[in-house]
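Listed here are the chains, written in short residue letters.
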Amino acid sequence: MGKTKSIFYMIRNALAHGSFSVVETDTGLVYYFQSDKDGDVKGQLRLKERTLWEWIRLVQSPVGELRRKGRKVRSSV
């Protein structure tokens, strides 16, 4: 599994199993995700809210729109 897919898979598992939390800090909200299997922690992720919103925007953007803005797009993600 690629890195991008692994990150989304971990976020999905954390949400599905209630292994996440949201903490308010001086710089804004921070989301904590944890994925585990059979009691072993497989991954942990900490994201600022603005990073999470940027990822959502990127995932929802059509590929052509990202190319017009000069961003490199890989089709095998």
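Going by the structure above, here's the rest.
Residues numbered from 1 in each chain as written. Predicted model: local features only at pLDDT ≥ 70, side-chain atom pairs only at ≥ 80, totals over all residues. Heavy atoms only, no water.

Draft legend 1. Region of interest: the sheet that holds strand β3 (residues 40-48). The three strands are arranged β1-β2-β3 in an open sheet whose pairing can be described as antiparallel. The open sheet terminates on both sides in strands that have one partner only, identified here as β1 (20-25) and β3. Direction aside, the axes of adjacent strands within the sheet are offset by 20° on average. In this sheet, strand β2 (residues 28-37) lies alongside β1 in antiparallel orientation, the contact comprising six bridges. Across the sheet, the residue bridging to Val22 is Tyr31, located in β2. Packed on one face of the sheet, helix α2 (residues 49-60) meets β2 and β3 and runs near 95° to β3. (Pairing = 2+ DSSP bridges. Helix = DSSP H or I, 4+ residues; strand = E, 2+ residues; numbered from the N terminus. Axes fitted to C-alpha atoms, helices over the stretch in contact; angles between N-to-C directions. Contact = heavy atoms within 4.5 Å.)

Draft legend 2. Spotlight on unusual backbone geometry. Of note in this structure, Asp38 is not a glycine but carries a positive phi near 55°. Note that Asp38 resides in the loop between β2 and β3. On the accessibility criterion, Asp38 (74% relative accessible area) is exposed. (Buried < 20%, exposed > 50% of the residue type's maximum accessible area, 1.4 Å probe, protein only.)

Draft legend 3. Region of interest: helix α1 (residues 3-16). The terminal C-alpha atoms of α1, which comprises 14 residues, lie 20 Å apart, in line with the 20 Å expected from a rise of 1.5 Å per residue. Within α1, burial applies to Met10, Ile11, Asn13 and Ala14. Projection of α1 onto a plane perpendicular to its axis shows the buried side chains occupying an angular sector of 165°, all on one side. For α1, the elements touching its buried residues are β1, β2, β3 and α2. (Expected span 1.5 Å × (residues − 1). Arc of directions from axis to C-beta.)

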